[in-house]
Amino acid sequence: MKRLAPLLQALALACAAAGAQAADFEQVQRIKTEKAIPRWREAAAQARAQRDDPPNAATQAIWQGLDQQTDAATGKAPLPQIMGAPDTRNPRQLLAHSIWLRWRILSENADARYSFAYAYKLSHMRDKDGDFGQEAVIFFLHAKLALTLDGNRCTDRSKAEHLMDWYPAQAYLQPLLAKIDSMSPQDKSIAMMEAISLEEMRGERPPMRWLCPSADPAETPAADADIDLLGTQPRFVRDARWRKYRSDLLEQLTRVAARDL
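What counts and what doesn't
Numbering of residues starts from 1 in every chain and runs along the sequence as written. Only residues with pLDDT of 70 or above have their local features reported here, since the model is predicted, and side-chain atom pairs are shown and tallied only from 80 upward, although totals for entire chains, interfaces and linings are computed over all residues. Calculation of side-chain values draws on the structure's entire complement of heavy atoms; hydrogens and water are dropped beforehand. Per the convention used, a helix needs a DSSP run of H or I reaching at least four residues, while a strand needs a run of E reaching at least two, with both numbered from the N terminus. Given the number of residues in a helix, its expected span is that number minus one, multiplied by 1.5 Å. To get the bend at a given residue, fit one axis to the seven residues ending there, fit another to the seven starting there, and take the angle between those axes. When a residue's accessible area, from a 1.4 Å probe over protein chains only, is under 20% of the maximum for its type it is buried; when over 50% it is exposed; and in between it is partly exposed. Counting of polar contacts relies on pairs of N or O atoms within 3.5 Å, with two restrictions inside protein: one atom must be capable of donating a hydrogen and the other of accepting it, and residues adjacent in sequence are counted only when both atoms are side-chain atoms. Sulfur atoms of two cysteines make up a disulfide when they are within 2.5 Å. What pLDDT reports is the predictor's confidence in each residue, on a scale of 0 through 100. When checking whether two residues touch, look at their non-hydrogen atoms; a contact exists if any pair is within 4.5 Å. Classification of ring pairs uses Phe, Tyr and Trp, with its six-membered ring standing for Trp, and accepts pairs whose centres are within 6.5 Å; under 30 degrees between planes counts as stacked, over 60 as edge-to-face, and the remaining range as tilted. Placement of a positive charge over a ring is assigned whenever Lys NZ or Arg CZ falls within 6 Å of the ring centre and within 35 degrees of the normal to the ring plane. Buried Ala, Val, Leu, Ile, Met, Phe, Trp, Tyr and Cys residues that are joined via side-chain atoms within 4.5 Å together make up what is termed a nonpolar core.

Concerning helix H2 (residues 25-52)
Here is step 1: Here H2 spans 38 Å end to end across 28 residues, near enough to the 40 Å set by a 1.5 Å rise per residue.
Here is step 2: Where H2 bends most, at Lys32, the angle is about 45°.
Here is step 3: Along H2, the residues that are buried comprise Phe25, Val28, Ile31, Lys32, Ala36, Ile37, Arg39, Trp40, Ala43, Ala44, Ala47 and Arg51.
Here is step 4: By the N-cap criterion, in which a side-chain oxygen at the helix start approaches the backbone nitrogen of a residue two or three places on, H2 is capped by Asp24, the distance to Glu26 being 2.9 Å.

Written as structure tokens, this is what we have:
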């Protein structure tokens with residue numbers, strides 16, 4: 001698995017060398033557009049090529065089994081199986097699961113649950129060059145960002161808010177959270193900028209009925225409704241309203257992160 005070398009760190013070092021107190025927002029946007037996003041796009045292509053060319057029959061069987069248990073429309077996902085697998089003692093299974101998760105996230109625009117799972121897997125991986133802790137942080141921050149964005153498509157955000165609290169409370173993620181807490185503000189900002197770049201590379205996901213509860217399971221209002229229909233609360237806010245929220249949040253987070261670069 002190819003380790004990422006954060007290109008945004010080059011911007012932070014350049015600003016420090018110049019004696020700047022913070023990175024310029026336009027500088028960050030340019031680096032993000034010209035370097036970070038294309039690099040994530042390249043990583044997505046690599047993940048797709050790796051998924052299309054299994055290294056052996058055993059890995060192919062694992063991937064096919066996971067695919068059969070996946071349905072983005074209903075929210076069905078084999079994540080409990082992946083997270084419950086004792087693959088920290090089975091490097092081949094760990095690698096097979098990790099490659100599949102990476103492909104789903106980068107190439108198939110999977111929802112936030114996959115990024116939480118992948119962050120956990122990365123936190124247990126090592127190779128000859130060391131651990132993957134830096135990428136684990138990036139994907140954990142991306143999971144929180146993606147869940148925030150997708151949850152705000154819902155008129156009832158209770159399930160998204162529950163998941164936002166539930167994942168960080170899991171015991172298996174505590175070492176990763178401790179690592180994030182120990183990071184410097186600059187390193188956290190670099191990781192956040194990578195997470196933002198990853199999300200912008202992937203683009204928006206469609207509204208998720210499994211994430212957005214409805215007061216009446218039988219009602220099916222238009223997905224762009226943001227008012228009650230015959231007294232029934234719709235599942236989703238209007239697309240235009242949500243897209244403005246998404247754009248505003250990504251810009252706001254970029255500006256906040258840029259201040260610590």
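Considering the state of the cysteines
Disulfide: a covalent bond formed between the sulfur atoms of two cysteine residues.
Here is step 1: Considering all chains together, one arrives at one disulfide under this definition.
Here is step 2: Through a disulfide, Cys154 is tied to Cys212; the S-S separation comes to 1.9 Å. Taking the sign of the torsion about the S-S bond as the criterion, the disulfide between Cys154 and Cys212, at about -60°, is left-handed. One end of the pair, Cys154, is in the loop between helix H7 (133-151) and helix H8 (158-169); the other, Cys212, is in the loop between helix H10 (185-202) and helix H11 (239-258), with 58 residues separating them in the sequence. Comparing Cys154 with Cys212 shows no difference in burial state: the two are buried.

What about the confidence of the model for the protein chain?
Here is step 1: For the protein chain, the mean per-residue pLDDT works out to 86, and 82% of the residues sit at or above 70.
Here is step 2: Across the protein chain, element-level confidence peaks in H7 with a mean pLDDT of 97 and bottoms out in helix H1 (residues 8-17) with 56.
Here is step 3: Counting interchain partners and residues more than four positions distant, the pLDDT-below-50 stretch residues 219-231 has 27 contacts.

Overview of helix H5 (residues 91-108)
Along an α-helix, residues three or four apart share an orientation, since each turn contains 3.6 residues.
Here is step 1: Taking 1.5 Å as the rise per residue, H5 with 18 residues should run 26 Å; its terminal C-alpha atoms sit 24 Å apart, in good agreement.
Here is step 2: Here H5 lies mainly inside the structure; 13 of its 18 residues are buried.
Here is step 3: After H5 finishes, the residue Asn109 shows a positive phi value of roughly 55°.

Quick word on the packing of aromatic side chains
Here is step 1: This structure, assessed with the given rule, holds eight aromatic pairs.
Here is step 2: Centroid distance Trp40 to Phe139: 5.8 Å. Interplanar angle 85°. Geometry classified as edge-to-face. Linking Trp40 in helix H2 with Phe139 in helix H7, this pair joins segments that are 99 residues apart in sequence.
Here is step 3: With a relative accessible area of 0%, Phe139 lands in the buried category.
Here is step 4: Between Trp166 and Tyr167, the aromatic rings sit 5.0 Å apart at their centres with planes inclined by 80°, giving edge-to-face as the arrangement.
Here is step 5: Here Tyr167 falls in the buried class, since its relative accessible area comes to 9%.
Here is step 6: One aromatic cluster in this structure is built from Phe116, Phe140, Trp166 and Tyr167.
Here is step 7: It is Arg39 that lies over the ring of Trp40; its NZ or CZ is 5.7 Å from the centre.
Here is step 8: Directly above the aromatic system of Phe25 lies the positively charged group of Arg255, at a separation of 3.7 Å from the ring centroid.

Concerning the nonpolar core
Here is step 1: Judged by nonpolar contacts, the single largest core of 71 residues is most densely connected at Leu106, Phe139, Phe140 and Leu211.
Here is step 2: Residue contributions to this core peak at 11 residues, all from H7.
Here is step 3: Those residues within four positions of Leu106 in sequence are excluded, and the remaining contacts are Trp40, Ala43, Ala44, Ala47, Phe139, Leu198 and Met201.

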